[in-house]
Structures are given as structure tokens and as C-alpha cells.
Amino acid sequence: MPYGAVPHGRVPRDPAQPAPPQAPAAHPGPPAAPERPAAPAQPPAEYTPTERSLPVMGPGHTLPDTPLVPPQDRPTVELTPVPDPERSQAPEGEGPGPLYVVGDVHGYLDELREALAAQGLIDAKGNWSAGNARLWFLGDFTDRGPDGIGVIDLVMQLSAEAAAAGGYCKALMGNHELLLIGAKRFGDTPVNSGAGTASFQAAWLLNGGQRTDMERLEDHHLQWMSRLDAMAEQDGHLLVHSDTTAYLEYGDSIEAVNDTVTETLQRSDADECWDLFRKFTKRFAFRDEDAGPLAVRELLDTYGGQRIVHGHSPIPYLLGEVGSEDDDEDGSTPIVEGPHIYADNLAVAMDGGVTMAGKLLVVQLPLEV
């Protein structure tokens, strides 16, 4: 959401692990003491867009990778492999499951649970129940609504449960994630807003920041948000949060954009983070009848995909029927029944305007025109 109006992440573990010791021959000689393996290589300094593991602990915090079973006690017959329990629910050879996307949630946890349950993605207890389905959140989990941290906790929970079931639940970086990270890190530190002195703290409060969210915000929430990707491509759909071409300023590939955004947050420079937030708040690049389709095609030509799917701008805004989220006070907010397909059918808007008595959208892709 635009600042001042109503606006509305990766240190991979080194995949090379020491090879498991070979089983001894059928008639082994005297057992030899196991050799201590070389220390694992240090991980790269930067995060990558495809790995979101926690930082590797430094010297003094790792355990030597020594064999757990002495050679003399190891079996000399071939054992039948046991399937990985985390993958056992996904039938062998089965392709990826159905693809779903979720629009802006903004702290409306109850509405999110209801919408996910309606699509069969969670059960009555709020646990993942969709097997190998794939679920993407388009960002903006907090602010305006009553329980943004509860929303983040649910998304993190579903990410683990979906992976164990053979599917996945992933999320993109929204401008309100950038705003909350900035408010927590920089507080009232002045930033160059381009329109006078400003701060993340002031902007966060102005744009619906909830003090209860800040009170409950913990380090693992910040780490998770800071490692979110800015964009992704799935089944021909270019998934982004904001309906803006500003992504082009951060790289000419999805990987480059995601790396640049993450590295910017790692440097923890208030002005750099503010500029990133400001650009992510831009909107309406696809709405103009003539220029809109051209803007969409520029993004698709650069990053791939046949259709853009975004959140950020409430559908009533895009339709020109509501000017701000305060316009629903007289009950005149348009009824949103589903996503808005526009820009020569090249763009799909997913923000149903839950903050303005609209609808929290969870839909399966692709959508028919």
C-alpha cells in the first residue's frame, strides 16, 4: 500500500555431506578406530533464493560427524530401505498437486482459516489436509487486522505440514512485511522519504500497524519474513505481490530479483530498506486500458510466464469503484465474489479487500477467462 495513503527474505546448508562409511567385508579383521572426517566446508556468505535454512552455527557449536555405530557392530547383509516418512503420503510417480493462491490477509486469521477450509486445504483443527497440493501466499500478512502474528504462525505451520505430506506452502514478500521489518529494526530512525523526514515506525502506524503484533513479534518471525522471495513462477503464472513494474529495477531474472531483495535486507541500511518498501507500494501499473497490457507483457517477457497473479491493490480500487479503505463506512463497498482478470486477460488481481468488508480470496489456478 502506498506510504501516506492507505496501502494496503538465506544461508543454505552445504549439501555436500561426508559419504557414509562402507560396511565391512563378510570376514572383517580386527576393527579399526574410525577416522575423524574433515570439517565440513563453510557455507557461502549470502543467502540463495531457493534455500531458506537457518544460519549454520560457527566453531564451537557443531558436533563432529562421527559414525554412530562402531564398525564391528555394523550389519554385513544388505538391508531393505525404509521409506522416508515425510514423503510417504505422496504416491510414487504422482505429479505435482493442484495450485492455489491466497490474496492479502492483513491479520484476518479467522477469515483465512475459513477460506482455506472451504477449499479443503486445512481440516477442522486448522491442520494441512490437502496432500500434495501447492499453496502460495502473495504477501501482506499483518497490519490493519487483529492477528497478523497469528497469520504468520499459521503459514509457517502449514509450510511444515504440507512438506511432510508431499506438497508445499510458500509465501512472497509483501510491502507490509517490509514495513514491519523496518519498524522493528529501525524504529524512529529518520529516512529519506522523498517527501520530507519520515520513519518506518511512523509509516507502520499510519498504514495500519497493530501494537499487539509488534509486542508478539519474535526473532524467528523476522528471520522468516526477511527470507521471503519477491516473485516466483508456477505453471505459467508469474506470482508477485504488487501490481508494479518496479521489480525490473532489481534484476532481469526471478533469481536476481530475489537475491537483490534479500541482500538489501541483510545490509540493514534504513534508507535502502525504505526505498525497497516505497517501490513495493507502487500500484496500478496494469490498470490502464492501453498501457496496462504492455506493462504486464514487459514483466512476462523478462521473468517468464503467461499471466501475472498479484495482490496488493484491492479489486474495488482496480475497478475504480472505491477510492480508499474508509469508503465502506456507508455500506457502498462493491461485493467481491472472486479474482479480477484484466489487462487483456494477462493479469489476475487477488486482493478481495478483506480490510474493507470485502473477501479474503483463496482460489485454484489456472482461472478460466
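Residues numbered from 1 in each chain as written. Predicted model: local features only at pLDDT ≥ 70, side-chain atom pairs only at ≥ 80, totals over all residues. Heavy atoms only, no water.

Participant: I keep staring at the packing of aromatic side chains and nothing clicks. Help me out?
Facilitator: For any pair of aromatic rings, geometry is given as the distance between the ring centres together with the angle between the planes. Following the criterion strictly, the structure yields eight aromatic pairs and no others. Look at F137 and F141: their rings are 5.9 Å apart centre to centre, the planes differ by 55°, and that puts the pair in the tilted class. Note on F141: relative accessible area 0%, which makes it buried. Look at F200 and W274: their rings are 5.1 Å apart centre to centre, the planes differ by 75°, and that puts the pair in the edge-to-face class. On the criterion of sequence distance, the pair formed by F200 in helix α4 (residues 200–206) and W274 in helix α8 (residues 270–280) is long-range, its members being 74 residues apart. You'll find F200 and W274 in the same group, each marked buried. Three or more aromatic residues joined by ring pairs form one cluster here, namely F186, F200, W274 and F277. Taking NZ or CZ as reference, K170 lies 4.5 Å from the ring centre of Y168, over its face. (Phe/Tyr/Trp six-rings, centres within 6.5 Å; stacked < 30°, edge-to-face > 60°. Buried < 20%, exposed > 50% of the residue type's maximum accessible area, 1.4 Å probe, protein only. Helix = DSSP H or I, 4+ residues; strand = E, 2+ residues; numbered from the N terminus. Lys NZ or Arg CZ within 6 Å of the ring centre and 35° of its normal.)

Participant: Before we go on, may I ask you to explain the packing of helix α2 (residues 148–164) against helix α6 (residues 219–226) in this structure?
Facilitator: Helix-helix packing is characterised by the crossing angle of the two axes and by the distance between the axes. Contact pair α2 / α6: the axes reach a minimum separation of 11 Å and the direction vectors enclose 65°. Viewed along their axes, α2 and α6 adopt a mutual orientation that is roughly perpendicular. Handedness of the crossing formed by α2 with α6: left-handed. Where α2 approaches α6, its residues I149, I152, D153, V155 and M156 are matched on the opposing element by H220, H221, W224 and M225. Partitioned by chemical class, the residues of the contact of α2 with α6 number six nonpolar, two polar and one charged. (Axes fitted to C-alpha atoms, helices over the stretch in contact; angles between N-to-C directions. Parallel < 35°, antiparallel > 145°, perpendicular 65-115°, else oblique. Left-handed = near helix turned anticlockwise from the far one by under 90°. Contact = heavy atoms within 4.5 Å. Nonpolar A, V, L, I, M, F, W, Y, C, P; charged D, E, K, R; others polar.)

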